[in-house]
Amino acid sequence: GVAITVAADNVTIDGQGHTLAFAQSSADTGVDINGHAGVRVQNATFRSGTTTTDGDVVAVRFNGQDPTVDACTFYVTGQTASTRLTAAIVGDVVGGGTISSSTTDVSGTGRMTAVVTLGAATTVSRNTFRAHDITEQNTGYKMLFGDLGNGSVFANNVAVVEASVERFYPFG
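A. Representation of the sheet that holds strand E5 (residues 40-42). Spatial strand order, E2-E5-E8-E11-E14-E17: six strands in an open sheet with parallel pairing. Bordering the open sheet on either side are strand E2 (12-14) and strand E17 (153-155), each of which pairs with just one other strand. Averaged over all pairs of adjacent strands, the angle between their axes in this sheet comes to 10°, without regard to strand direction. Where strand E8 (residues 68-70) and strand E11 (residues 97-100) come together, three bridges link them in parallel fashion. Following the sheet pairing, Val-69 is matched in E11 by Ile-99.

In structure tokens, the structure reads:
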């Protein structure tokens, strides 16, 4: 199941440098922010496990207003060709949001994604994104940063893509 479900507005999850292991044997989510505003996730490391079932592997899933991810590290691995989406951060952001000072490392088999943000006025800045050891899948893409809505800012980020990684799309 989901490791942490946020059930209120204006919650801060401060990992204080600890690691949250999620999706250890099946596709799942580390932190699910569903329909809440002002949620902040910071100072945490997220590490997915050996996922062998169909579905999404997502460290942080947004579906709310003004979410923030700051100073986090994500190690997310797709394990089977049926893994639909492997992502550090994915969301339907309603009115604002910030992803900053974080590091994302994606690898494995499946439809690989570093960050997908949907919505207006999302700021994605000062992050490092790395793609490596990825097995090609027919419908796969790597390190997609998008779909950024109106008023969004994508600045001062670094993408490190292994030479063997094909179909690298920096924006959706």
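Continuing now.
B. Seen up close, unusual backbone geometry. In this structure, Ser-101 is a non-glycine residue whose phi angle is positive, near 50°. Unusually for a residue other than glycine, Asn-156 sits at a positive phi of about 55°.

C. A look at the confidence of the model for the protein. Averaged over the protein, the pLDDT score is 77; the fraction of residues at 70 or greater is 67%. Looking at the elements of the protein, mean pLDDT is at its lowest for strand E16 (residues 145-148), recorded as 58, and at its highest for E2, recorded as 97.

D. Expanded view of the environment of Val-106. Within the secondary structure layout, Val-106 lies in strand E12 (residues 103-109). Expressed as a C-alpha distance, the spacing of Val-106 and Ala-87, which sit 19 residues apart in the sequence, is 7.5 Å.

E. Quick look at the nonpolar core. Val-31, Ile-33, Val-41, Phe-46, Val-60, Val-69 and Phe-74 are the most contacted members of the largest nonpolar core, which totals 28 residues. When residues of this core are assigned to their parent elements, the largest contribution, four residues, is made by strand E7 (residues 55-65). Among all residues touching Val-41, those that are not within four sequence positions of it are Ile-13, Val-31, Ile-33, Phe-46, Thr-68, Val-69, Asp-70 and Cys-72.

F. Local environment of the environment of Ala-159. Along the polypeptide, Ala-159 turns up in strand E18 (residues 158-161). What makes Ala-159 partly exposed here is its relative accessible area of 41%. Note: C-alpha distance between Ala-159 and Ala-131 (28 residues apart in sequence) is 8.1 Å.

G. Molecular detail of the packing of aromatic side chains. Going through the model one piece at a time under the given rule, you end up with one aromatic pair. Measuring from ring centre to ring centre gives 5.1 Å for Phe-46 and Phe-74, while their planes differ by 15°; the resulting arrangement is stacked. With Phe-46 in strand E6 (residues 45-48) and Phe-74 in strand E9 (residues 73-78), this residue pair connects regions lying 28 residues apart in the sequence.

How each quantity is defined
- Residues numbered from 1 in each chain as written.
- Predicted model: local features only at pLDDT ≥ 70, side-chain atom pairs only at ≥ 80, totals over all residues.
- Heavy atoms only, no water.
- Pairing = 2+ DSSP bridges.
- Helix = DSSP H or I, 4+ residues; strand = E, 2+ residues; numbered from the N terminus.
- Axes fitted to C-alpha atoms, helices over the stretch in contact; angles between N-to-C directions.
- pLDDT = per-residue confidence, 0-100.
- Core = buried A, V, L, I, M, F, W, Y, C linked by side-chain atoms within 4.5 Å.
- Buried < 20%, exposed > 50% of the residue type's maximum accessible area, 1.4 Å probe, protein only.
- Contact = heavy atoms within 4.5 Å.
- Phe/Tyr/Trp six-rings, centres within 6.5 Å; stacked < 30°, edge-to-face > 60°.

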